[in-house]
Amino acid sequence: MVDLREIADALKAGNAKKVKELVQAALDDGIEAVDIVNKALIVGMGEIGVLFKNNEVYVPEVLIAARAMHAGLNILKPLLAEKDVKPIGRIVIGTVRGDLHDIGKNLVAMMLEGAGFEVIDLGIDVAPEKFIEAVKNTNADIVAMSALLTTTMPGMKDTIEAFKAAGLRDSVKIMVGGAPVTQSFAEEIGADGYAPDAASASDLAKELIA
Ligand code: B1M
């Protein structure tokens, strides 16, 4: 019988091949796909997040772990869809207009997926209207914006204002982050939350939908 702890450990080690093999073996043992996600993949990704927050591992390790998580998720996704297993929430994420930096945003997206969210990634240089359109199309619970330039940070405020103008501000939570962004800036522009790093972003998203 496959031990789910072994899958979490293989994920943390970034061993995508082993994660794939163990996930398949766990399914063959009759373990439910949803249990493999919740008790192995999400656990492993959460632990990597804590190590990252504490500077015990760095960006490359997180990216490799996330790749291993995706290797496992790819096997499980069709089974989860069959059973209509719902994600814990839906998040539209993007780097704001004029900003092409996406490494941090991608890390945040991976941690959110690792925490059980469905993530709709709009990519980089995302205009306010695109965030709004995505929320309308997906019924997302949260909008997550990233900015790495002081010159693009105002794009976060513009997006929040655009949500107000569209009458949608109360139907989504809005969270922001990125190197130049601060808690006080988040408060000043009327965001619902700020997170300094990818692991904290997934904790914040869980709080926002609680
Ligand atoms: Co640019 N760049 N860059 N750059 N770049 C910075 C950001 C800069 C600080 C470098 C510097 O001058 N020292 C500076 C910004 C200065 C400022 O505004 N204060 C800068 C500049 C000026 C520029 C250009 C203008 C340079 C030029 O062309 N003259 C230009 C702008 C292009 C544009 O966006 N329009 C530019 C371009 C680029 C590249 C394309 C070459 C490349 C980006 C490649 C890519 O992303 N695909 C690049 C890079 C790589 C950097 C640095 C070196 C690294 C950024 C990074 O990926 N960090 C950066 C200097 C530095 O930080 N040392 C720099 C790693 C990443 C994991 O961290 O993104 O902070 P970070 O994400 C963290 C947290 O911030 C947080 O979680 C992540 C993980 O913990 N987080 C969130 C991020 N988003 C979040 C969202 C959340 C919550 C948390 O909730 C929604």
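For the structure, check the block above.
Residues numbered from 1 in each chain as written. Predicted model: local features only at pLDDT ≥ 70, side-chain atom pairs only at ≥ 80, totals over all residues. Heavy atoms only, no water.

A. Representation of unusual backbone geometry. Even without being glycine, N55 reaches a positive phi, approximately 60°. Mapped onto the fold, N55 is located in the loop between α3 (33–53) and α4 (59–82). By relative accessible area, which is 52% here, N55 ends up exposed. A positive phi angle, near 60°, is found at N139, a position not held by glycine. Positionally, N139 belongs in the loop between α6 (128–138) and β3 (142–146). (Helix = DSSP H or I, 4+ residues; strand = E, 2+ residues; numbered from the N terminus. Buried < 20%, exposed > 50% of the residue type's maximum accessible area, 1.4 Å probe, protein only.)

B. Summary view of the site of the ligand. What surrounds the ligand is a group of 27 residues, the closest being L100, H101, D102, S146 and T150. Within the backbone of G98, an N or O atom sits 2.9 Å from a nitrogen atom of the ligand. Between the ligand and S146 there is a distance of 2.7 Å, counted from a nitrogen atom to a side-chain nitrogen or oxygen. Broken down by secondary-structure element, the contributors of at least two residues to the shell around the ligand are α5 (103–114), β3, β4 (173–177) and α9 (198–209). Tallying contributions element by element places α5 first for the shell around the ligand, with four residues. (Near = heavy atom within 4 Å. Polar contact = N/O pair within 3.5 Å; in protein donor to acceptor, adjacent residues only side chain to side chain.)

C. Region of the structure containing the nonpolar core. Judged by nonpolar contacts, the single largest core of 50 residues is most densely connected at I7, V19, I36, L41, L76, L112 and M175. The element best represented in this core is α4, accounting for nine residues. Both domains that meet at this core, namely domain 1 (4–82) and domain 2 (90–209), each give it at least three residues. In terms of nonpolar packing, the next biggest core, distinct from the first, is built from 26 residues, M156, I160, L168 and A186 among them. (Core = buried A, V, L, I, M, F, W, Y, C linked by side-chain atoms within 4.5 Å. Domains from an automatic or database assignment.)

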